[in-house]
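Residue strings, one per chain:
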Amino acid sequence: MTNHPLIEFRDVTKRFGERTILHKVNLKIYDGDVTTIIGKSGVGKSVLLKHIIGLLKPDEGSVLFQGEPIDKMTKVEWNEYVTRISYMFQNNALFDSMTVFENVAMPLRQTTRLSEKEIKEKVMARVEQTELMPVVNKYPSELSGGMQKRVALSRALVTDPKIVLFDEPTTGQDLIRRNAILGMIAECHKSFGFTAILISHDLPDVFFISNRIIALDKGEVVFEGTPEELENFEHPFLDEFIDSLEGFQEHLTGLYSRRNFRVRYQKQIGQKHADETFVLLTFSVEDIGLVGTTLGQETSQKLIRALGIYLNKHFGSVGGFSTRQNTEQFVTVLPFSDLNEAQKILDDFATDLVERGLSNIQTSAQIPEGECFDFSISAGLAEGKQNEEIGSVLERAGAQRKTIARFQCDKRR
Amino acid sequence: MIFRPRQVSSIIQQVYYIGAKSTTIVMLVALFTGMVLGLQLYYALVQFGSEGVLGTTISLSLVRELGPVLAAIMITARAGSSMATEVGIQRISEQIDALYTMRIDSLRYLVSPRIAASVISFPLLTAVFDLIGIVGGYISAVLLLGLNAGTYLHGVQSGVEMKDITGGFVKSIVFAIIVSTICCFQGYFTHMRRDSYGAKAVGLSTTSAVVLSCVLILVADYVVTSFLM
């Protein structure tokens, strides 16, 4: 991250009639980051995004790209600027009289001089990546909401943009698909290195792929910083917003949200005496990308979720509590165990996982019998003290991590 | 440049939609217009013993006035309304904004091919209207009322001059520009209507497009005729 913002809002105010949607908004977006804009419905998130691409113009203030106001750009500069940007609309904005293929090919056909063969190759690569191959010749109205989102995602990424604006890319999706789309965005961000600006309500999932969070309330920026900073940020809007979303999240996954995990951690560990210890375990699902490649992103997300539930069930029975740390990592705290006991519980878990767990997880993730997939799980544990920062315990546990279970495809062995 | 080479296919598509698919309705209206004209004018002219000029009267009415005007009104009803609706829906479903974000000029992409296709289709349909209208007049005057076929056809041949045909085509081109521009304009700015939003706005835009086009066809007809006379 450089110190110079790629895009900057300076005192941007936007009104629709009497209503002020954005009021003196100041924010910075940095090159290569995934910046997520959060806020309740109707606070001006989409309006803010539309200012970046010039669909809306501010009534006051200015939007700057690399320090230059976009409204003062020459036509050539403006074209160069817009060429770098791609926009994924909240309602997809697919061309309903065109097939999926034609929709994705549209920007290439209209704005590049690529041959039809090259266009087909590029489009099919994106279509395959977003798991749309079976519906490539269908019309948007014949697709489910989730598939339409993925078509919009493919279209947004087909031109290999440098900046991608995602306006609620996961709205209307179930939990699995939401994570699959976020995973896809994270993967594309990693592969293509674009700057992503997302509008999302999917907390805390979106934190896993975001470098920066911007919170909007009543047309003003109330927070700008990292996801970690947001978790420690006190603001009535954030409490209300995050609590409502996280409650829903916990209901769906059975795992604590990171925020509530911290609350329980502080409550349980904070009550201990200074010399009392606890054990923290960290789990990592490795090579899950291979599952995504062979069985699809959605299945890999289902598998991780099923694993989280299985893990929570196992360690919950001995007084532990868990959370999802990021897309592929879980953290569990055993407040009443020492290191030896925790190691024994972990060994039991590993044995149970290999003997029975996988078939349970496979059933939960709806992976058909006989499907070929490989992945491994590694775990590390460390003992912590009452007055010790969770971050340092987590670091020590991570350093101890070793593979506890490996699942390999029988057919390939 | 208004058109780009890659727009040719979309112009052809629009010619098919605005032109080819309107042929049946235009032919049907032309046939009955010609037949009614034949019927009315025969009984009016026979009173003065002037039924010999029936062919000239019918063909001149059709080629100079009724052909371009009625063909344009029929195309407005069939294709103009759908132009306004289609573009209006694309506006409210953010498809036009999506074009903008893809650096595709929405006016070039959506409006230009429709105007070009209208300019191609209107004169062709007007020619079809004229021809079928004259056939309709023949059916009612010659086949049903017993006027001599040679008299009718001679009247058509001698009465219509090239400048009448050219004048009719000039009108049809003017109508094409008026209809396609108004219908696309109404759809394109659906989101700026102050009286309604969403689907209702699209409906109202379509109504406005048809009403305004029909009125302006008649106004333009008077203006162009006054220049041609």
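Residues numbered from 1 in each chain as written. Chains lettered and ligands numbered in written order. Predicted model: local features only at pLDDT ≥ 70, side-chain atom pairs only at ≥ 80, totals over all residues. Heavy atoms only, no water.

1. Observations concerning the pattern of salt bridges
Residues and elements named next belong to chain A. All told, the structure shown has 14 salt bridges over all chains when counted by the stated rule. A salt bridge links Asp160 to Arg126, with the shortest nitrogen-to-oxygen separation between them at 2.8 Å. On the criterion of sequence distance, the pair formed by Asp160 in the loop between α5 (145-157) and β7 (163-167) and Arg126 in helix α4 (residues 116-129) is long-range, its members being 34 residues apart. Accessibility expressed as a relative area gives 35% for Asp160, which makes it partly exposed. It is possible to trace a salt-bridge network through shared partners that takes in Lys122, Arg126 and Asp160. (Salt bridge = Lys/Arg side-chain N within 4 Å of Asp/Glu carboxyl O. Helix = DSSP H or I, 4+ residues; strand = E, 2+ residues; numbered from the N terminus. Buried < 20%, exposed > 50% of the residue type's maximum accessible area, 1.4 Å probe, protein only.)

2. Some points on the packing of aromatic side chains
Each aromatic ring pair is specified by the distance between its two centres and by the angle formed by the two planes. Applying the stated criterion to the full structure yields twelve aromatic pairs over all chains. A ring pair is formed by A:Trp78 and A:Tyr81, whose centres lie 5.4 Å apart and whose planes are at 50°; its orientation type is tilted. Here A:Trp78 pairs with A:Tyr81, and both are found in helix α2 (residues 75-83), just three residues apart, close to one helical turn. Each member of the pair A:Trp78 and A:Tyr81 is classed as buried. Each member of the aromatic cluster is reached from another via a ring pair, and the members are A:Phe283, A:Tyr310, A:Phe315 and A:Phe349. It is B:Arg78 that lies over the ring of B:Tyr17; its NZ or CZ is 4.9 Å from the centre. The lysine or arginine in question, B:Arg91, covers the ring of B:Tyr188, its NZ or CZ lying 4.7 Å from the ring centre. (Phe/Tyr/Trp six-rings, centres within 6.5 Å; stacked < 30°, edge-to-face > 60°. Lys NZ or Arg CZ within 6 Å of the ring centre and 35° of its normal.)

3. Describing the confidence of the model for chain B
On average, residues of chain B carry a pLDDT of 91, and 97% of them reach 70 or more. The ipTM for the predicted assembly is 0.76, set against a pTM of 0.70. (pLDDT = per-residue confidence, 0-100.)

4. A look at helix α1 (residues 45-53) of chain A
Residues and elements named next belong to chain A. In terms of residue burial, α1 counts as a mostly covered element, since nine of its nine residues are buried. What α1 keeps buried is the set Lys45, Ser46, Val47, Leu48, Leu49, Lys50, His51, Ile52 and Ile53. In the segment just after α1, Gly54 is the residue with positive phi, at about 85°.

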